[in-house]
Amino acid sequence: MRTHYCTDINENNVGERVELAGWVNSYRDHGGIIFIDLRDKTGLIQLVCDPADNEKAHKVASQIRDEYVLIAKGTVRRRGEGLENPRLKTGKIEVVVDELVIENRSEPMPFTLGDPNVGEDIRLKYRYLDLRQKEMFETFQLRSKAAIAARNLLDKHGFLEVETPILTKSTPEGARDYLVPSREHVGEFYALPQSPQLFKQLLMVGGFDRYFQIAKCFRDEDLRADRQPEFTQIDVEMSFCTQEDVMKVAEELLHAIFAACGHEIEIPFNRITYRESMEKYGNDRPDLRFGLELVDVIDLFEDCESPIFAEIAKYPKINRIKALKVPGGDNAFSRKIIKELEGFVTRFGAKGLAYIQVKEDGLKGPILKFLSDEAIETMKSRLDLQIGDIVFFGAGDRKVVWDYMGRLRSEVARRLDMIDENRFEFVWVVDFPMFELEEGALHLKALHHPFTMPKNIDEEDAEAIESDAYDIVLNGIELGGGSIRIHKLDIQKRVFSLLGISDEEAEEKFGFLLDALKFGAPPHGGFALGFDRLMMLLTKKESIRDVIAFPKTQSATCLLTHAPSPVDEAQLKELGIRIRKQPKSDAAE
C-alpha cells in the first residue's frame, strides 16, 4: 500500500509520484486548501489537498479527523519560499495529493498524543494508542536493536540459542511461583519459571557448551518501579569456564548493546568485593557516580561517655558506627533540612541522626561532648574535615546501619545535585557470602541461589562461607548477576544440608538435577541480565513499564485486558478447582 515511508522522501524525490500510508497527526484548512500531517513509524510529512488540483481528493480530505487512517497518492514538490519547516526531517518538501482514501476512521481520542500530563492509568488502558507516540516507537526500536546486538555478539562467540520450558516444576528460588493447574493431572500444578537456571545447567550437562536465551521469567512478588510479574532477561551459560571468562563475555555483551544504542562504554568494569560495597556504600548495588563513602568510626567510641554509643562499640563484629562526611554540607543544609534527613532515616530503622558541623571556630555538635580529645583529633584526620563540612553518624546493628546510611548517602547526593544523569557507571560486586541468616529464621538461606559454587565449604562458621558469585551494577541498580555453579554431587548435597533441605525434600524438588550431576557434569557458570531494567536505564525512563510493550501495573493487573479475571465455573470444574471465598478479616490482613 506504500512506495515509501514518510521520512524516506526528500528533495531528491521532487517530481516523483509516491504512495504513502499512515495516521492523521493533524490537519488544517487554510482557505479551502487542506494541509494534513501524515504520520507513520518514521515521522511526519505534509500532504496538500487543493481543490484546484484534484476536487475529489479535496472532498475526501474535508471529511478527515485526527488519527484517521489514510492512504495517499500524489507528487512530491518543494515547499514555497519561507514555508519550510526546519523542525521536520521532511520540512523542505510536501506531497500534492491526487488520490486519497480513508482506510479507517477514528473516534475522538481518550487523550492527546504527546500530552505529558496524561495519567499512567489512562496510558496503560489505551496502550495501543500510547504506542503510537514517536517517543514510544523510538524506545522499542532501540530495544529491538539491543536484542539483535546481543544475539549477534553471543552468536559470534559460539553461543547457541535454546528455548527452555515455560511450564515447569515449582522450585524454591526466593520469590513465589505463578502456578498453572493441570487438567490431565487434577490437583497438580505446573509453575512458570522464575528463571531458566536449572534447565541451562542441564544443557551444560548435555554438552551444549555455550547457551543463551532472551527468556521470559515470572515472579509473584511485590512490584516496584524496576520490577514486573513477568520480565525478560538475557540468560547465558558456558562450560569449562572461570569467573573471569564469564565476566569478560558479560562485559563484551554490554559493550555491544550500548554501542548499538549509540553509547560508548569502557571495559573492563571496576570491581569491588561485597564486604567493601557494604562498608563503603551501605548496600551491594553501589551508585559510583558520586563519592560520599561511609567511614567506619566505631573504634573512636569505645571509651566514649555515652552509654548508648559505648554499648554499641563493644561489639564491632555485629554493630557499626558509620560516618558520612558531606563536603560543604554545613553551608547547604539548614536545620530544617537536617530534620527532614533525620525523619528520612528513621523510616528505615534509625533511632535518630547525630551530626557534627565544621565551623571556622571548630567542630560543633552535641555528640562531641562524649568523645575524648584524642578521638576527636583522630576523627578530624580520618575524615579529612574541612570548614563547611557536615558529618552524619549512624550507629547500631550493622545491617540496619548499612541500610539507612546507604539510603542517606543517596538522598544527600540527590538533594545536592551530585548525580550525573548522563553517566553510565558500571561495577562488578564479587565475593558474596554463600549464606545469610534471616531475622527470626532458624536456618540459613542462600544469598543468591543454592546452585552457586561455595569457595570454602569446609568453613566451620557457615556465614563465613563465600560463593563464586558476582553481580553487575549500573548507576546503583543491579542489572543482573551470576555465578560459577556446583557441578559435583557431594558439594550440592552439602549445600542443601546447610540450608536445612532434607535428602527427601532435595530428591522431591531437585531429583532431576541431582541425577544429572551423577553423569559427568562439566564445570560451568553463567549470568543473566535484566533486559527490561537495562533498557530503562539506557532510555533514561523512570519505570520499566515504559520499556515493556504491554506491562502490568504495580498491583500486577493489566488495565488493557483486565487480567487477571474470573474464569468460567465449567473451566474450574474441569481443572478440579473450587474457589474458597476469603473471609473479610483475612482479606483485611
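This text goes with the structure placed above it.
Summarised in this report is the structure supplied together with it. On a predicted model such as this, the values are computed, not experimentally measured, just so you know.

Thresholds applied
In this numbering scheme, every chain counts its residues from 1 along its sequence in written order. The model is predicted, so local features are restricted to residues of pLDDT at least 70 and side-chain atom pairs to those at 80 or more, both for listing and for counting; the totals for chains, interfaces and linings are taken over all residues. As a convention, hydrogens and water are excluded, and side-chain values are obtained from all of the structure's heavy atoms. Strands are runs of DSSP state E lasting at least 2 residues, helices are runs of H or I lasting at least 4, and numbering of each runs from the N terminus. To sort residues, take the accessible area from a 1.4 Å probe on protein chains only and compare it with the maximum for the residue type: under 20% means buried, over 50% means exposed, and anything in between is partly exposed. Counting of polar contacts relies on pairs of N or O atoms within 3.5 Å, with two restrictions inside protein: one atom must be capable of donating a hydrogen and the other of accepting it, and residues adjacent in sequence are counted only when both atoms are side-chain atoms. Note on definitions: a residue-residue contact is assigned when non-hydrogen atoms from the two residues lie within 4.5 Å. Here the aromatic set is Phe, Tyr and Trp, taking the six-membered ring for Trp, and pairing holds for ring centres within 6.5 Å; pairs whose planes are under 30 degrees apart are stacked, those over 60 apart are edge-to-face, and all others are tilted. The pairing criterion is simple: DSSP has to find at least two bridges between the two strands. Every angle, taken between N-to-C directions, lies between 0 and 180 degrees, and every axis is a line fitted to C-alpha atoms, over only the stretch in contact when it is a helix. Any angle that is under 35 degrees is reported as roughly parallel, and any over 145 degrees as roughly antiparallel; angles of 65 to 115 degrees are reported as roughly perpendicular and all others as oblique. Crossing handedness follows the turn of the near helix against the far one: under a right angle anticlockwise gives a left-handed crossing, and clockwise gives a right-handed one. The directions from the helix axis to the C-beta atoms are what the arc is built from. By definition here, a salt bridge exists when the distance from a side-chain nitrogen of Lys or Arg to a carboxyl oxygen of Asp or Glu is within 4 Å.

The next subject is the side chain of Thr7. Its place among the elements puts Thr7 in the segment before strand E1 (17–30). The class for Thr7 is buried, based on a relative accessible area of 11%. There is a polar contact of 3.0 Å between the side chain of Thr7 and the side chain of Thr42. In this structure, Thr7 is in contact with Thr42, Gly43, Leu44, Lys89 and Thr90, ignoring residues within four places of it in sequence.

The next point concerns the packing of aromatic side chains. Applying the stated criterion to the full structure yields 14 aromatic pairs. Between Phe333 and Phe392 the ring centres are 6.3 Å apart and the planes differ by 40 degrees, which places this aromatic pair in the tilted class. Placement of Phe333 in the loop between helix H9 (329–332) and helix H10 (335–346) and of Phe392 in strand E16 (residues 390–397) is noted, with a sequence separation of 59 residues between them. For the pair Phe333 and Phe392, one class covers both residues: buried. An angle of 75 degrees between the planes, with centres 5.4 Å apart, marks the rings of Phe451 and Phe510 as edge-to-face. In this pair, Phe451 is assigned in the loop between strand E19 (444–446) and strand E20 (469–474) and Phe510 in helix H14 (residues 503–516), connecting sequence segments 59 residues apart. Assigned by exposure class, Phe451 and Phe510 land together as buried.

With that out of the way, let us pick up the sheet that holds strand E14 (residues 354–359). Taken in spatial order, the five strands line up as E12-E13-E16-E14-E15 in an open sheet, and their pairing is antiparallel. At either end of the open sheet lies a strand with only one pairing partner, and these are strand E12 (294–296) and strand E15 (362–364). Neighbour-to-neighbour, the strand axes of the sheet open up by a mean angle of 25 degrees, direction not taken into account. Two strands pair when backbone bridges link them, and strand E13 (residues 319–326) and E16 are joined in this way by eight bridges, in the antiparallel orientation. Each residue of the ladder has a partner; that of Lys322, found in E16, is Gly394. Strands in contact with helix H12 (residues 398–415) are E12, E13 and E16; relative to E16, the strand with the most contacts, it is inclined by about 155 degrees.

Two quantities define a packed helix pair, namely the angle between the helix axes and the distance between the axes. The contact between helix H4 (residues 134–156) and helix H6 (residues 243–260) brings their axes to 8 Å, and the two run at 140 degrees. Relative to H6, the element H4 is oriented oblique. The hand of the H4/H6 crossing is right-handed. Residues Lys145, Ala146, Ala149, Ala150, Leu153 and Leu154 of H4 touch H6, and the partners they reach there are Val249, Glu252, Leu253, Ala256, Ile257 and Ala260.

Let's shift gears to unusual backbone geometry. Omega for the bond connecting Ile267 with Pro268 falls within 30 degrees of zero, at 0 degrees, which places this linkage in the cis form. Counting through the fold element by element, Pro268 comes out in the loop between H6 and strand E11 (270–273). The omega angle of the peptide bond from Ala563 to Pro564 is 0 degrees, so this bond is cis rather than trans. Examined against the element boundaries, Pro564 turns out to sit in the loop between helix H15 (531–538) and helix H16 (569–574). Positive phi, close to 55 degrees, is recorded for Asn475, a residue that is not glycine.

Turning to helix H13 (residues 489–498), a few remarks are in order. One full turn of an α-helix is made of 3.6 residues, so residues set three or four places apart face in the same direction. All of the buried residues in H13 are Ile491, Gln492, Val495 and Phe496. Buried residues of H13, seen end-on, are gathered within an arc of 140 degrees and therefore sit on one face of the element. The exposed residues of H13 that point more than 90 degrees off its buried face are Asp490 and Ser497. Buried residues along H13 sit against strand E18 (435–437) and H14. Gly500 lies just past H13 and shows a positive phi near 80 degrees.

Pairing is mixed across the open sheet formed by eight strands, whose spatial order is E6-E9-E10-E22-E21-E20-E17-E11. Of all strands in the sheet, those bounded by a partner on one side alone are strand E6 (160–161) and E11. Across seven bridges, the pairing between strand E10 (residues 230–239) and strand E22 (residues 524–530) is antiparallel. Across the sheet, Glu237 pairs through a bridge with Gly526, a residue of E22. Sitting on the sheet, helix H5 (residues 197–205) touches strand E9 (210–218), E10 and E22, and the angle it makes with E10 is about 25 degrees. Here H15 sits on the sheet in contact with E10, E20, strand E21 (477–484) and E22, set at roughly 140 degrees to E21.

A few words now on the pairing of E16. Taken across its eight residues, E16 has six buried, putting it largely inside the fold. Sheet topology places E14 next to E16; four bridges connect them, and they run antiparallel. The residue of E16 that forms the bridge with Ile356 is Val391.

The next point concerns the pattern of salt bridges. Scanning the model with the defined rule gives 49 salt bridges in all. Here Glu421 and Arg289 are joined by a salt bridge, their closest N and O atoms 3.6 Å apart. With Glu421 in the loop between H12 and strand E17 (426–430) and Arg289 in the loop between helix H7 (274–281) and E12, this residue pair connects regions lying 132 residues apart in the sequence. Judged by relative accessible area, Glu421 falls into the exposed class, the value being 53%. Residue classification places Arg289 among the buried residues on the basis of a relative accessible area of 12%. In this structure, Asp361 engages Lys364 in a salt bridge whose closest nitrogen and oxygen atoms are separated by 3.4 Å. Classification of Asp361 by relative accessible area gives exposed; the value is 60%.

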